[in-house]
2 protein chains.
Amino acid sequence: MGKHPGAHSDILFHRNASNAACSTPCSFPANIRAMRLLLALLFLFVTSFAPAADKPNFIIILADDLGYGDLGCYGHPSIHTPNLDLMARQGVRFTDFYSAAEVCTPSRAALLTGRYPIRSGMAHNQFRVLRRESTGYLPDDEITIASLLKKQGYATGAVGKWHLGNWMNNPAGHPMKHGFDFYFGLPHSNDMNAIPGKPKGEDNSLDPDPKWWQPPLFEGEKLLEQPTDQTQLTRRYAEQSVKFILDHKSEPFFLYFASTFPHTPLFTSEKFKGWSARGRYGDVVEELDWAVGEILTTLSVEGLDKNTFVFFTSDNGPWLIRGLAGGSAGLLRDGKGSTWEGGMRVPGIAWWPGKIPAGKVCYQTATTMDLLPTIAKFAGTEAPKDRKMDGVDLAPLLTKNWTAQHEVFCYYRGTELFAARMGDWKAHFITQPAYGAPKPEPHDPPLLFNLKADPGESFECGADHPYIIARIKTAVEKHKATVKPVKNQLIETAAK
Amino acid sequence: MGKHPGAHSDILFHRNASNAACSTPCSFPANIRAMRLLLALLFLFVTSFAPAADKPNFIIILADDLGYGDLGCYGHPSIHTPNLDLMARQGVRFTDFYSAAEVCTPSRAALLTGRYPIRSGMAHNQFRVLRRESTGYLPDDEITIASLLKKQGYATGAVGKWHLGNWMNNPAGHPMKHGFDFYFGLPHSNDMNAIPGKPKGEDNSLDPDPKWWQPPLFEGEKLLEQPTDQTQLTRRYAEQSVKFILDHKSEPFFLYFASTFPHTPLFTSEKFKGWSARGRYGDVVEELDWAVGEILTTLSVEGLDKNTFVFFTSDNGPWLIRGLAGGSAGLLRDGKGSTWEGGMRVPGIAWWPGKIPAGKVCYQTATTMDLLPTIAKFAGTEAPKDRKMDGVDLAPLLTKNWTAQHEVFCYYRGTELFAARMGDWKAHFITQPAYGAPKPEPHDPPLLFNLKADPGESFECGADHPYIIARIKTAVEKHKATVKPVKNQLIETAAK
């Protein structure tokens, strides 16, 4: 067997070795020490007036439908993810990291705005995500990480799947209307341009026929190709990401790389086809892992690694009805579409060599909504104060080993609050498996689980802890009072 | 919250740092180089006549009922195992490592002899393990790792649970009759001295009452205490293990540390009680992790680390009917007592700094039966040639990145061959869940799964691969032809 095509170039290791060399103690005569002190003060004086040149860069890499159990560093036995595993060894790996929704559109709205998707009208009980024919989009007055950073002088780019407005129906939905200077990718999921006659099981196929899908690929507002060749998407996304980094390496930048995969149908480039022992799903994850390696290697080669915060996560849990074409939530219950842990707890890996610890495992609750306040803090600005923010700043947690407090984390399914987590405890007010149950089942009293003692949510224990249920209920009521009715964006469609 | 009581002392890191320092290139004048060469040759000459002093040491650490998903480095989100995770980062972590049986006694017989337990009569369909009243034991003519190494001049010690003969009924079952010079521990499982009247659910209790069990603790053949205080066992095992290492540090040694836990009932010392977020099960695993840290730290402090091969594993999968007092098989199917993957695939971590790679993940099939041939090879001797060995030598796999070939790995339940794995494929000839189904279900043709593509054994695919089934059947027949009838050791009991 040849070298793994995604094998990391080891450049990151070299940097670590030189770190170790720097820790050698040195001694200098007093006059040299004094001169060094003077120079340091002069440097501080100059840099305090410098513009944004030393502001850190930010990269968010978002997988699509990748499950909690699908990476090597999260225990998968046959998907090989050397680059993401290395990222975890050099950074912080979260055990209790959440997407803020159980499906795609609301999850992405939350990530980019730092707010529950119900606040932006980007969640709906029946139309779970924006459809191809939708005209709604992330409202203009929402502040995204990109628009926030753009005001701070950042170059901002989005590569990959958008799914927060289909500009082919309504130009206002385009990412470049939401703070991004640059865009390359698909407006929505890769299964949304299925052509009539597509065989029913084709979405689950481990060797899908590309002819059944005709996704449009855009650069900026320009349609590059339709159909585009999905087998080339991950490779092109990686190239565009690297190009964006190189183009903007002399100014602060924000890159949002939202992979089209492992959402079905599953396609990879020729190099990765048949590579993974886990089958096509593994091929796709391993090509994504390769793309992550390309990005981290570029940062290291360009000397940007010590000034770039990278975060890797997924938009929701694995799409279990896809069978072998879907992922695994590991020991968690259920998957995509559900408010059981498997639907919303996802991998979360933070990386910033020298700034955040290497090889740390963080057991605290954190969410994609925390990225906006965290990035705002690292960029030297603040999260918007004129609106309710649901995310919390993770900077103290990442850099100082302090806790980041979510009083309560709410699990929505569409616009309904199904469950809430406070500390180690989760109360389910309503449950419904992702598939197979036609109606939601309300619970009063709610079902209670201790997620640390029982991560698989198998042993209900509400009767023993009425006071905890009461505390969660109070916090949920407090949260609900902050939610105002807004126009729902997932209903309207273009005339057929 | 204070410092984790199991937090590693970092001594291992210091050793690595000094390694790095040694790699600095040096240059010497030619005459000094010549003298160095002469000295090196002299050293080689002297050591080639030296006795066993430079033979490596061996330590096997065996957990009891620890599941595939129960360690941090295997993806558990709330059990903290910093020492085992570090051991994996400094060594080789196996994704496809197996115990050779689905329950305790046969698994241990296989580990120590390198042979399927059916060959030693240590497996039975009804009496799954040796009972407290059993008089049978591992037959005298079986060669254990200990007896093999003892002949090579090794000091041999066993600490912990034995369960290969209860010498209180029959003195021939004692570990010191099977190659061990030293013994400290319990003759069998910690639930086998339940006293009359024990409440039915007490085994599953997360706060078990010690008064319901009266285990006997032995040092050598001497009964030290009965009942012994189970809360002190892991601490005392760790102390005895460290003492054994220190007592024998100037000669080659073999230590077999077989933890009593996380088999139920679950007890820990005061220090770990209530420590883990995963509850009592987590407390017990985290105390075992602490014990592993004590052993590895001792090796490092004493400068023995580079000459000691340490292997950590479990005797079978998690005891799922114990509820929260049992563990997790992660994404694998079923648990202890079953021939589905969760019953027999277990954590496997190899450690030998400088000799085997650091931070490597090994995806190949390996088993506890491989430890005897591997250790024999590392010790400079050979596995017994006068009998069928089922283990293969892992040394090439560990040190040279070669493959180790198991033509077929057989999953026995008692004396029945239920399933067999060849490469990535597993055929189930008979299935029976660990609990809940009164009778085994035969399959002809067998059920076929690709364990790499489908580690959860959810998607049967025999119809597509008749030739693979045929190949597995041929290999199984070949294996069966090597199995000779022997006296069963699990039947006979002492007169009541």
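In case you missed it, the structure is sitting above this.
In short, a report on the structure. (Residues numbered from 1 in each chain as written. Chains lettered and ligands numbered in written order. Predicted model: local features only at pLDDT ≥ 70, side-chain atom pairs only at ≥ 80, totals over all residues. Heavy atoms only, no water.)

1. Quick look at the sheet that holds strand E13 (residues 425–431) of chain B
Residues and elements named next belong to chain B.
Turning to step 1, where the next piece is worked out: In spatial order, the strands read E11-E12-E13-E14; together these four strands make up an open sheet with antiparallel pairing. The open sheet has two edge strands, strand E11 (409–413) and strand E14 (441–450), and neither has a second partner. Between one strand and the next, the sheet's axes are offset by a mean angle of 20°, whatever the strand orientation.
Turning to step 2, where the next piece is worked out: Packed on one face of the sheet, helix H11 (residues 466–480) meets E11, strand E12 (416–422), E13 and E14 and runs near 125° to E12. (Pairing = 2+ DSSP bridges. Helix = DSSP H or I, 4+ residues; strand = E, 2+ residues; numbered from the N terminus. Axes fitted to C-alpha atoms, helices over the stretch in contact; angles between N-to-C directions. Contact = heavy atoms within 4.5 Å.)

2. With respect to empty space enclosed by the protein
Turning to step 1, where the next piece is worked out: Within the structure shown, the criterion is met by two cavities of 30 Å³ or more.
Turning to step 2, where the next piece is worked out: Taken together, 15 residues form the lining of the largest cavity, with Tyr74 and Gly330 of chain A together with Tyr74, Gly330 and Leu331 of chain B sitting closest to its centre.
Turning to step 3, where the next piece is worked out: When the residues that make up the lining of the largest cavity are grouped by side-chain class, the tally is seven nonpolar, eight polar and no charged.
Turning to step 4, where the next piece is worked out: In this structure, the second largest cavity encloses a volume near 30 Å³.
Turning to step 5, where the next piece is worked out: Every residue along the wall of the second largest cavity is listed here: Leu130, Arg131, Ser134, His163, Gly165, Asn166, Pro187 and His188 of chain B.
Turning to step 6, where the next piece is worked out: Taken together, the residues of the lining of the second largest cavity break down into two nonpolar, five polar and one charged. (1 Å grid on protein atoms, 1.4 Å probe; cavity = no way out; pocket = protein on both sides within 12 Å on 5 of 7 lines; lining within 4 Å. Points joined across faces, edges and corners; volume = space filled by probe spheres on them. Nonpolar A, V, L, I, M, F, W, Y, C, P; charged D, E, K, R; others polar.)

3. As for the environment of Thr399 of chain B
Turning to step 1, where the next piece is worked out: Structurally, the position occupied by Thr399 of chain B is in helix H10 (residues 395–400).
Turning to step 2, where the next piece is worked out: Along the backbone, Thr399 of chain B and Asp464 of chain B are 65 residues apart, and their C-alpha atoms lie at a distance of 37 Å.

4. Here we look at helix H7 (residues 280–301) of chain B
Residues and elements named next belong to chain B.
Turning to step 1, where the next piece is worked out: Over its 22 residues, H7 runs 31 Å from end to end, which matches the ideal 32 Å to within 8%, given 1.5 Å per residue.
Turning to step 2, where the next piece is worked out: The buried count for H7 comes to 20 of 22 residues, which makes it a mostly enclosed element.
Turning to step 3, where the next piece is worked out: Looking one or two residues past H7, Gly303 carries a phi angle of roughly 70°, positive in sign. (Expected span 1.5 Å × (residues − 1). Buried < 20%, exposed > 50% of the residue type's maximum accessible area, 1.4 Å probe, protein only.)

5. Notes on the interface of chain A and chain B
Turning to step 1, where the next piece is worked out: Contact with chain A, which involves 26 residues of that partner, is made by 26 residues of chain B.
Turning to step 2, where the next piece is worked out: Summed over the three residues of chain A that lose the most area to chain B, namely Pro77, Leu331 and Tyr363 of chain A, the buried surface amounts to 25% of that side.
Turning to step 3, where the next piece is worked out: Across the chain A-chain B interface, the total number found is zero salt bridges.
Turning to step 4, where the next piece is worked out: Here chain A and chain B share eight residue pairs in polar contact (both at pLDDT 80 or more) between them.
Turning to step 5, where the next piece is worked out: Examining the composition of the side of chain A that touches chain B, we find that three residues originate from one element, strand E2 (residues 92–98) of chain A, more than from any other.
Turning to step 6, where the next piece is worked out: Class assignment for the residues of the side of chain A that touches chain B results in 10 nonpolar, nine polar and seven charged. (Buried area = accessible area lost by both parts, 1.4 Å probe. Salt bridge = Lys/Arg side-chain N within 4 Å of Asp/Glu carboxyl O. Polar contact = N/O pair within 3.5 Å; in protein donor to acceptor, adjacent residues only side chain to side chain.)

6. Things to note about the relation of the copies chain A and chain B
Relating one copy of the chain to the other requires a rotation about an axis plus a shift along that axis.
Turning to step 1, where the next piece is worked out: Screw-axis analysis of chain A against chain B gives a translation of 0.0 Å along the axis, an RMSD of 0.0 Å, and a rotation angle of 180°. In short, the pair behaves as if placed about a two-fold rotation axis. Taking the C-alpha atom as reference, chain A places Gly75 of chain A closest to the rotation axis, 2.1 Å from it.
Turning to step 2, where the next piece is worked out: Taken together, the interface assignments show that 100% of the residues at the interface of chain A recur at the interface of chain B, consistent with an identical surface on both copies. (Least-squares fit on C-alpha atoms with pLDDT ≥ 70 in both.)

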